[in-house]
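Tertiary structure, described
These are the residues of each chain, in order.
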Amino acid sequence: MMDQEHIASAFDRDLEGVQALIMQMGGLVETAISDAARALEMRDTELAEQVRRNDKLIDALEEQVASEVARVIAVRAPTAGDLRTVLSVLKISGNLERMGDYAKNLGKRTSVLSEMPAITGTGGALRRMTQLVNVMLKDALDAYIQRDVELAEDVRQRDSEVDQMYNALFREFLTHMMEDPRNITACMHLHFIAKNVERMGDHVTSICEQVVYLVTGDMPDEGREKQDRTSTDSALGKV
Amino acid sequence: MLDTTQTLLTERTMSKDIKISAKGVDVFYGDTHAIKNVDLEIENKAVTAFIGPSGCGKSTFLRCINRMNDTIDICRVTGDILLEGQDIYAKSVDPVQLRARVGMVFQKPNPFPKSIYDNVAYGPTIHGLAKNKAELDEIVEQSLRRAAIWDEVKDRLHQPGTGLSGGQQQRLCIGRAIATAPEVLLMDEPCSALDPIATAQVEELIDDLRQNYTVVIVTHSMQQAARVSQKTAFFHLGNVVEYGDTNKIFTNPEDSRTESYITGRIG
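Residues numbered from 1 in each chain as written. Chains lettered and ligands numbered in written order. Predicted model: local features only at pLDDT ≥ 70, side-chain atom pairs only at ≥ 80, totals over all residues. Heavy atoms only, no water.

To keep it simple, the criterion reads: UniProt positions are given in the numbering used here, feature names are shortened, and annotations may be inferred rather than shown by experiment.
In the nomenclature of an unreviewed UniProt entry, chain B corresponds to Phosphate ABC transporter ATP-binding protein (PhoT family) from the organism Litoreibacter halocynthiae. According to the UniProt record, the Subcellular location (unreviewed entry) comment for chain B is "Cell inner membrane". Per its UniProt entry, chain B bears the Function (unreviewed entry) comment "Part of the ABC transporter complex PstSACB involved in phosphate import. Responsible for energy coupling to the transport system."

The name given to chain A in an unreviewed UniProt entry is Phosphate-specific transport system accessory protein PhoU, and the organism recorded there is Litoreibacter ascidiaceicola. UniProt lists a comment for chain A under the heading Sequence similarities (unreviewed entry), and it reads "Belongs to the PhoU family." As recorded by UniProt, the Subunit (unreviewed entry) comment attached to chain A reads in full: "Homodimer."

Written as structure tokens, this is what we have:
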């Protein structure tokens, strides 16, 4: 990547500007995920409501990124590394916006779940899974800012841990539901929450792919084994 | 289906033919070493763009391809430039005949102070390309059609070429250049004196021309190079720093100097 500045310094300011918006979005999404997880664990409906409200800020930032990128493309006609920067910014803002939506959905389900009896034993696993995804997100954004392909690759590989945690939770929820049908509603909500967190991991992976593309000009090889086997492996449903 | 695939494959193979091959070319203006050991292979029936900052040698190199530098006393060219395998600097090559095969369009439209018809008819006449008036008329019409200006001038062929607008004059000059049935068209910043509409018309024309001609264009407009060419060579300080597919050069160049130039970091 170029450390050198553009002859037109306003171009540098434009690129820095859109990337600053991405970092701002990233910060809000990290907070949303950790708040949503805490709200779920503590049955804190007030905090869950706050996560839902704050999603509007993330959505607004995504729109701002899109219009800023459109302006930069129109005015600067970026090429090479500059072009890849604006394209990756656009894609990453989409990933972050979706992650924000999943956090918001956690908030919504938390409000419903807080009115039901707690399902014992699943809280810790969900918390660990959410924490793992949040650390992955932080590292992915660091990799983006540092243009660190190695770190991005490392984060990409970590997504299989998230998938495995989801597989384990899937079985656990099935067990709870079979043990006592009164758990079904709560377990379905918890299952959707786990699935949402698993999807967040996929979006982090996509951000890491953008880092590789931004730095190398090529998308990474699909050298990553998908570990979410719940949709293909019927044995996972046997408890 | 097989036929279509075969045709596509054949076309692709043919487009990889090399029309012009430069090997170890150096150009000196007196003591100034303007082009340094340049190797370049220009594909047949494709548009190749030369880009680079002012004074990098791109126009100098372009002018070597039809020996325009011969007219400059202090200019010395060494190395080989082959047009379809034939050394264009060989003693047996007549520069006037060479320039009929390798036409040129300049930065500023420069129609002769003659009628539109005579501007185009001049080259074919001196090269004896038409046996009679009817043939000459045909060449003029075909050339102006290929230059995408026939419809605009067909009713005033005998009015002065200098009376046309800038964009029309440039297309007239392109028509004049292709009237001698050249194989290669060299264009030295052909749109720099034109407004955006005339520029778009000339770019559209360049895209059509590559079906029949090998086009080499020098341009200061990065976007123009990206739009019209299939191959791009980046010149810097007399060297070809990078040469490759235009798509690759503008999305992911190999050399950091190319990236610096096309992204506006060095002038």
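Here the narrative resumes, following the displayed structure.
A closer look at the packing of helix α4 (residues 116–126) of chain B against helix α7 (residues 166–178) of chain B
Residues and elements named next belong to chain B. Let me state the cut-off plainly: All axes here are fitted lines through C-alpha atoms, helices being fitted over the stretch that makes contact, and every angle between N-to-C directions spans 0 to 180 degrees. Here a helix means four or more residues in a row that DSSP labels H or I, a strand means two or more in a row labelled E, and each is numbered from the N terminus. The cut-offs work like this: below 35 degrees is roughly parallel, past 145 is roughly antiparallel, 65 to 115 is roughly perpendicular, and the gaps in between are oblique. In this scheme, a crossing is called left-handed if the near helix is turned counterclockwise away from the far one by less than a right angle; it is called right-handed if the turn is clockwise. It only takes one pair of heavy atoms within 4.5 Å for two residues to be counted as in contact. Classification convention: Asp, Glu, Lys, Arg as charged; Ala, Val, Leu, Ile, Met, Phe, Trp, Tyr, Cys, Pro as nonpolar; all other residues, Gly among them, as polar.
Orientation of α4 relative to α7, taken along the N-to-C sense of each, is 30 degrees, at an axis distance of 7 Å. Taken together, the axes of α4 and α7 are roughly parallel relative to one another. Handedness of the α4/α7 crossing: right-handed. Residue-level inspection shows I116, N119 and V120 of α4 in contact with α7, the latter providing L172, G175 and R176. Residues that form the contact of α4 with α7 fall into these classes: three nonpolar, two polar and one charged.

Considering the UniProt feature "domain: ABC transporter" (unreviewed entry) in chain B
In this structure's numbering, the residues bearing the UniProt feature "domain: ABC transporter" (unreviewed entry) are residues 20–262 of chain B. Summarising residues 20–262 of chain B: 37% helix, 27% strand, and an end-to-end C-alpha distance of 25 Å.

Things to note about the environment of A:S93
All names here are of chain A. Under the convention used in this document: Here's how the labels work: a residue is buried when its accessible area is under 20% of the maximum for its type, exposed when over 50%, partly exposed in between, all with a 1.4 Å probe on protein chains only. Two N or O atoms count as a polar contact when they lie within 3.5 Å, although within protein this holds only if one can serve as hydrogen donor and the other as acceptor, and sequence-adjacent residues are included solely when both atoms are side-chain atoms.
Examined against the element boundaries, S93 turns out to sit in helix α3 (residues 80–113). Given a relative accessible area of 2%, S93 falls into the buried group. Residues S93 and E62, spaced 31 residues apart in sequence, show a C-alpha to C-alpha distance of 5.7 Å. Side-chain polar atoms of S93 contact the backbone oxygen of L90, separated by 2.9 Å.

Considerations on the nonpolar core
The condition that has to hold: Among buried residues, those of type Ala, Val, Leu, Ile, Met, Phe, Trp, Tyr and Cys that are joined through side-chain atoms within 4.5 Å constitute a nonpolar core.
A:L96, A:M99, A:L137, A:L190 and A:V204 are the most contacted members of the largest nonpolar core, which has 60 residues in total. Residue assignment for this core shows that the elements contributing at least two residues are α1 (9–42), α2 (45–76), α3, α4 (123–146), α5 (149–179) and α6 (184–216) of chain A. When residues of this core are assigned to their parent elements, the largest contribution, 13 residues, is made by α6(A). Beyond its immediate sequence surroundings of up to four residues, A:V204 is in contact with A:M99, A:V133, A:M136, A:L137, A:A140 and A:V155. If you look at the next biggest cluster of nonpolar residues, it comprises 45 residues, including A:A80, B:Y117, B:M222 and B:V228.

Examining the packing of α5(A) against α6(A)
Residue and element names in this part refer to chain A. The N-to-C vectors of α5 and α6 enclose an angle of 170 degrees; their axes lie 9 Å apart at closest approach. Classified by the interaxial angle, the pair formed by α5 and α6 is roughly antiparallel. For the contact of α5 with α6, a count of residues per class yields 20 nonpolar, five polar and eight charged.

Comments concerning the pattern of salt bridges
Heads up, the condition is: Any carboxyl oxygen of Asp or Glu within 4 Å of a side-chain nitrogen of Lys or Arg constitutes a salt bridge here.
In total, this model carries 33 salt bridges over all chains according to the counting rule given. With its nearest N and O atoms 2.8 Å apart, the salt bridge here joins B:E141 to B:R145. With B:E141 and B:R145 both in helix α5 (residues 133–146) and four residues apart, this pair spans about one turn of that helix. Look at B:E141 and you get partly exposed, because its relative accessible area is 23%. Here B:E254 and B:K248 are joined by a salt bridge, their closest N and O atoms 3.2 Å apart. We classify B:K248 as partly exposed; its relative accessible area is 34%. Connected through shared salt-bridge partners, A:D14, A:E68, A:R71 and A:R76 make up one network.

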